[in-house]
Amino acid sequence: MTIAALIVAAGRGTRANSATPKQWCDLGGRTVADITLSALRDTGCFSAIVLVLHADDMKRRAAFEYEGVIVAKGGADRAESVRNGLAALDPAKVTKVLIHDVARPCVTGQIVIDVIAALDTAPGAAPALPVSDALWTGKNGRVTGAVDRRGLYRAQTPQGFELAAIRAAHAAHPGGAADDVEVARAAGLAVAIVPGDDDNLKITLPGDFDRAERILRARNGH
Ligand SMILES: Nc1ccn([C@@H]2O[C@H](COP(=O)(O)OP(=O)(O)OP(=O)(O)O)[C@@H](O)[C@H]2O)c(=O)n1
Ligand SMILES: C[C@](O)(CO)[C@H](O)COP(=O)(O)O
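Residues numbered from 1 in each chain as written. Chains lettered and ligands numbered in written order. Predicted model: local features only at pLDDT ≥ 70, side-chain atom pairs only at ≥ 80, totals over all residues. Heavy atoms only, no water.

Chemist: How should I be thinking about the overall build of the chain in this particular structure?
Modeler: Along the backbone of the chain there are seven helices and twelve strands. Taking 2.2 N^0.38 as the reference for a compact globule, 222 residues should give roughly 17 Å; the C-alpha atoms of the chain span a radius of gyration of 17 Å, in line with that estimate. Oriented by its inertia axes, the alpha-carbon framework of the chain measures out at about 50 × 40 × 35 Å. Restricting to contacts in the chain with at least 6 residues of sequence separation, those with at least 24 account for 67%. Entry remark: accessible area of the chain is about 11,000 Å², with carbon and sulfur atoms responsible for 52%. Between the centroid of the 26 positive side chains of the chain and the centroid of its 25 negative side chains there is a distance of 4 Å. (Helix = DSSP H or I, 4+ residues; strand = E, 2+ residues; numbered from the N terminus. Rg over C-alpha atoms; globule rule 2.2 N^0.38 Å. Contact = heavy atoms within 4.5 Å. Areas by Shrake-Rupley, 256 points an atom, 1.4 Å probe, with all protein chains shown as cover. Lys, Arg positive; Asp, Glu negative; His and termini not counted. Charge placed at Lys NZ, Arg CZ, Asp CG, Glu CD.)

Chemist: Would you mind going over the UniProt feature "site: Transition state stabilizer" (unreviewed entry) in the chain with me for this structure?
Modeler: The sites that UniProt annotates as "site: Transition state stabilizer" (unreviewed entry) are Arg15 and Lys22. Here Arg15 is to be found in the loop between β1 (3–9) and β2 (26–27). Here Arg15 is in contact with Lys202, Thr204, Leu205 and Pro206, once residues within four sequence places are set aside. Ignoring sequence-local partners within four residues, the contact set of Lys22 consists of Gly13, Ala16, Val32, Ala103, Ile203, Thr204 and Phe209. (UniProt positions renumbered as here; feature names shortened; annotations may be inferred.)

Chemist: Is there a simple way to explain the nonpolar core in this structure?
Modeler: One finds Phe46, Leu53, Phe64 and Leu98 to be the most contacted residues of the largest nonpolar core, which totals 29 residues. Looking at this core, the elements with two or more residues in it are β1, α1 (32–41), β4 (48–53), α4 (109–118) and β12 (191–195). Residues within four places of Leu98 in sequence aside, it is in contact with Ile3, Ala4, Ala5, Leu6, Phe46, Val112, Val115, Ile116, Leu119, Pro158, Gln159 and Gly160. Membership of the second largest hydrophobic core comes to 25 residues, among which are Val50, Ala126, Ile166 and Ala169. (Core = buried A, V, L, I, M, F, W, Y, C linked by side-chain atoms within 4.5 Å. Buried < 20%, exposed > 50% of the residue type's maximum accessible area, 1.4 Å probe, protein only.)

Chemist: Any chance you could explain the packing of aromatic side chains here in plain terms?
Modeler: The geometry of an aromatic ring pair is captured by two quantities: the separation of the ring centres and the angle between the planes. Considering all chains together, one arrives at one aromatic pair under this definition. Ring centres of Trp24 and Phe64 lie 6.1 Å apart, and the angle between their planes is 40 degrees; this geometry places the pair in the tilted category. Here Phe64 lies in helix α2 (residues 61–66) and Trp24 lies in the loop between β1 and β2, a separation of 40 residues in the sequence. Over the face of the ring belonging to Trp24 we find Arg60, whose NZ or CZ atom lies 3.9 Å from the ring centre. (Phe/Tyr/Trp six-rings, centres within 6.5 Å; stacked < 30°, edge-to-face > 60°. Lys NZ or Arg CZ within 6 Å of the ring centre and 35° of its normal.)

Chemist: Sorry if this is basic, but what is going on with the packing of helix α3 (residues 78–87) against helix α5 (residues 163–172) here?
Modeler: Helix-helix packing is characterised by the crossing angle of the two axes and by the distance between the axes. Look at α3 against α5: their axes get within 10 Å of each other, and the N-to-C directions meet at 135 degrees. The orientation of α3 relative to α5 falls into the category oblique. Note that α3 runs across α5; the crossing there is left-handed. Residues Ala79, Val82, Arg83, Leu86 and Ala87 of α3 form the contact with α5, whose own contacting residues are Leu163, Ile166, Arg167 and His170. (Axes fitted to C-alpha atoms, helices over the stretch in contact; angles between N-to-C directions. Parallel < 35°, antiparallel > 145°, perpendicular 65-115°, else oblique. Left-handed = near helix turned anticlockwise from the far one by under 90°.)

Structure follows, in structure tokens:
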């Protein structure tokens, strides 16, 4: 069984409101992308790593390829970037793939191990956290209703799949899915839920950089 990691890094990070796309921003002296890549590589779980880059970032590909990373070109949305990354993997060599957001540099080895282990029980597996707050609907600054939180989860990545299954699922999907689990479920694939980690945040908004840096510093004993 050979497992690949696919890191989607072709977004522009518009919500982070940074002149530099968030994956190239600095966290404690390293870029978000380098931290995320190291976090996955250091698990020792992957026989191949694909990094999907925006066309404007292809000037960076040589440095990653020098490190043995396979670089693919991103698409107009996350799903297309995933498809392009999957196409860069050889199904004769890779049986399973974990698809991860470059914007989640605080991912832990334990989550990676848990997702891989859960793939022995289902063709898909992904980390998530149960919703622990009350949920409302709202409009124009007013609460319009309450939503039952029971059975709701906050999805994280890496999301793992049998490679052939997720490739077929993406090929059949009309597009617009929020994540690869949605694509997998649309194709009828069972997806196991593994424990997520509140520290496995997705850097999305400006304040997320400081939080991620605090998490990483605390982990490194600083
Ligand atoms: N066309 C795209 C869009 C997103 N992503 C990746 O998908 C992940 C999750 O997307 P998100 O957090 O929304 O990143 P951005 O699209 O960059 O952020 P924004 O929506 O704020 O522009 C990120 O690692 C991002 O790089 C991608 O590879 N290709
Ligand atoms: C894939 C994901 O991180 C799972 O929570 C999330 O769907 C990405 O959402 P975004 O709007 O593309 O950041």
